[in-house]
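Coordinates in review
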Amino acid sequence: MHDLRALRADPDGFDADLKRRGEPAVAQAVVLLDHDRRAAETALQELQARRKQISKEIGAMRKSGADSAALEAEVTSAKARMEELQARVGDLDGQIRGTLERLPNRLDESVPAGADESGNVQVHQHGTPREFAFAAREHFELGEALDMMDFETASRLSGARFVVLRGALARMERALGQFMLDLHTGENGYTETAVPVLVNNEAMYGTDKLPKFAEQSFRTEDGRWLVPTAEVPLTASVGGQILPGDVLPRRLVALSSCFRSEAGAAGRDTRGMLRQHQFQKVEMVSITTPEESDAEHERMTRCAEMVLEKLGLPYRRMLLCAGDTGFGAAKTFDLEAWLPGQKAWREISSCSTTRDFQARRMNARYRAADGKPAFVHTLNGSGLAVGRTLIAVMENYQTGDGSITVPDVLRPYMGGIEIIRRA
């Protein structure tokens with residue numbers, strides 16, 4: 001949500017930020033609604049005060065035997081008017097909230113202009129794509145030839161955009177998740193957290209997934225939601241709280257199943273594991289102070305980069321442009337791994353700072369140095385998407401005979417297996 005006081009103080013600046021995202025101006029309409037609401041609240045307060053005074057006068061008149069009928073009529077009229085004003089305030093509150101909750105976060109000044117991913121800016125590149133002496137194959141060609149990646153069976157079981165992994169590839173997916181968790185908890189200072197994958201409306205709303213992304217999420221018949229990422233339960237865990245300032249930053253990490261309907265993705269990445277309805281992801285979340293959030297964003301992104309570096313995967317860091325930055329983010333770095341089979345860089349991690357955008361929606365605060373409650377800043381990042389990391393490992397470590405060399409850091413998690421071959 002947005003700071004209404006900041007919007008009132010600088011409506012032109014607010015609209016300028018929206019324009020960077022291609023959104024229409026709304027500040028003046030919100031200011032007018034807010035003016036009407038505050039006028040109704042003032043009138044309501046004045047009536048409440050007047051009714052209280054009249055009640056005292058009626059009491060005195062009854063004690064003295066005077067006729068209080070006129071004042072009693074005024075009380076009745078005031079009560080009816082107060083009910084009207086209360087309804088008016090509620091209606092205007094709903095209109096303001098309904099407008100603000102659908103508006104994206106305000107962008108950081110460093111976010112470059114651009115309408116789509118073509119406007120993203122490369123910050124740096126690590127590693128050089130490997131040159132193969134043979135035609136590099138895509139992950140699904142490798143996986144199917146190994147008889148360890150089965151899309152046909154998954155389709156019979158669940159439909160499109162699912163996969164069944166078997167044998168060493170299933171073990172490698174598990175190994176990747178465990179390796180990432182061990183790295184983030186052992187070296188990067190995150191606390192491992194096991195979270196529910198079913199959450200309520202409040203958790204989804206507080207992490208800006210509702211109402212904007214309802215169609216991209218799966219909902220159960222009892223009204224709960226399958227999490228699109230562990231960001232939702234991790235971040236929402238501090239909702240409604242006032243945290244002691246000395247416990248921040250709070251860094252949490254979870255490996256969970258994630259679920260996305262991929263609404264609007266028809267025709268995109270229909271082959272293979274790149275875009276699935278169900279996938280594994282290691283998610284990092286940081287809860288911190290406004291003063292530390294920019295440094296925490298850089299730190300989180302470096303934590304994700306460490307995973308790629310230890311796996312020996314070429315990657316590049318991209319600063320997303322205004323048109324490609326997500327709804328709740330003020331600034332986002334994407335990490336893109338090189339996929340030799342596709343001959344393309346593909347996103348494998350996204351690390352974002354939402355500033356106080358989510359905190360306002362879920363009323364998450366901390367006790368500042370002056371003793372007053374202030375909104376926390378929340379950050380989230382993939383550390384990494386496990387399925388996409390499996391793809392990157394398969395394609396970068398493939399050999400001419402179709403086998404896959406296991407990266408050194410994964411071998412302890414693979415029972416010493418060095419090469420994955422067809423049985």
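Residues numbered from 1 in each chain as written. Predicted model: local features only at pLDDT ≥ 70, side-chain atom pairs only at ≥ 80, totals over all residues. Heavy atoms only, no water.

A short note on the side chain of Thr378
- Relative to the helices and strands, Thr378 is located in strand β15 (residues 377-385).
- At 2.7 Å, the side chain of Thr378 forms a polar contact with the side chain of Gln358. (Helix = DSSP H or I, 4+ residues; strand = E, 2+ residues; numbered from the N terminus. Polar contact = N/O pair within 3.5 Å; in protein donor to acceptor, adjacent residues only side chain to side chain.)

Digging into the sheet that holds strand β1 (residues 121-126)
- Across the sheet, which stays open at both edges, the eight strands sit in the order β1-β10-β11-β12-β15-β9-β8-β4 with mixed pairing between neighbours. The open sheet has two edge strands, β1 and β4 (191-192), and neither has a second partner.
- Across two bridges, β4 lies against strand β8 (residues 250-259) in parallel orientation. What sits directly across from Glu192, in β8, is Val253.
- Lying on the sheet, helix α10 (residues 293-311) is in contact with β1, β8, β9 (278-288), β10 (315-319), β11 (331-339), β12 (344-353) and β15; it crosses β15 at an angle near 5°.
- Running at roughly 40° to β15, helix α12 (residues 386-396) makes contact with β8, β9, β11, β12 and β15 of the sheet. (Pairing = 2+ DSSP bridges. Contact = heavy atoms within 4.5 Å. Axes fitted to C-alpha atoms, helices over the stretch in contact; angles between N-to-C directions.)

A few points about the nonpolar core
- Counting 49 residues, the largest nonpolar core has Met172, Leu176 and Ile420 as its most contacted members.
- Looking at this core, the elements with two or more residues in it are α5 (139-145), α7 (167-186), β9, α10, β11, β12, β15 and α12.
- The element best represented in this core is α7, accounting for nine residues.
- Met172 has contacts with Leu390, Val393, Val406, Pro407, Leu410, Met414 and Ile420, leaving out every residue within four places of it along the chain.
- The next biggest cluster of nonpolar side chains, apart from the first, holds 21 residues, and it includes Met1, Leu7, Leu18 and Val199. (Core = buried A, V, L, I, M, F, W, Y, C linked by side-chain atoms within 4.5 Å. Buried < 20%, exposed > 50% of the residue type's maximum accessible area, 1.4 Å probe, protein only.)

Here's the deal with the UniProt feature "binding site: L-serine" (unreviewed entry) in the protein
- Summarizing the sequence annotation, UniProt attributes the feature "binding site: L-serine" (unreviewed entry) to Thr229, Ala230, Glu231, Glu283 and Ser382 in the numbering used throughout. Spanning 154 residues, the annotated positions come together in the fold, the maximum distance between their C-alpha atoms being 9.6 Å.
- With respect to the secondary-structure elements, Thr229 resides in the loop between β6 (225-226) and α9 (231-236).
- In contact with Thr229, not counting residues within four places along its chain, are Cys258, Arg260, Lys281 and Glu283.
- Tracing the sequence through the fold places Ser382 in strand β15.
- Setting aside anything within four residues of it in sequence, one finds Ser382 in contact with Lys281, Val282, Glu283, Met284, Ala304, Ile348, Ser349, Ser350 and Cys351. (UniProt positions renumbered as here; feature names shortened; annotations may be inferred.)

Remarks on the packing of aromatic side chains
- Enumeration over the complete set of coordinates arrives at five aromatic pairs.
- Geometrically, the ring pair formed by Phe327 and Phe357 is edge-to-face, given 5.8 Å between the ring centres and 75° between the ring planes. Residue Phe327 is found in the loop between β10 and β11, and its partner Phe357 is found in helix α11 (residues 357-362); the two are separated by 30 residues along the sequence.
- Under the relative-accessibility criterion, Phe357 is labelled buried at 1%. (Phe/Tyr/Trp six-rings, centres within 6.5 Å; stacked < 30°, edge-to-face > 60°.)

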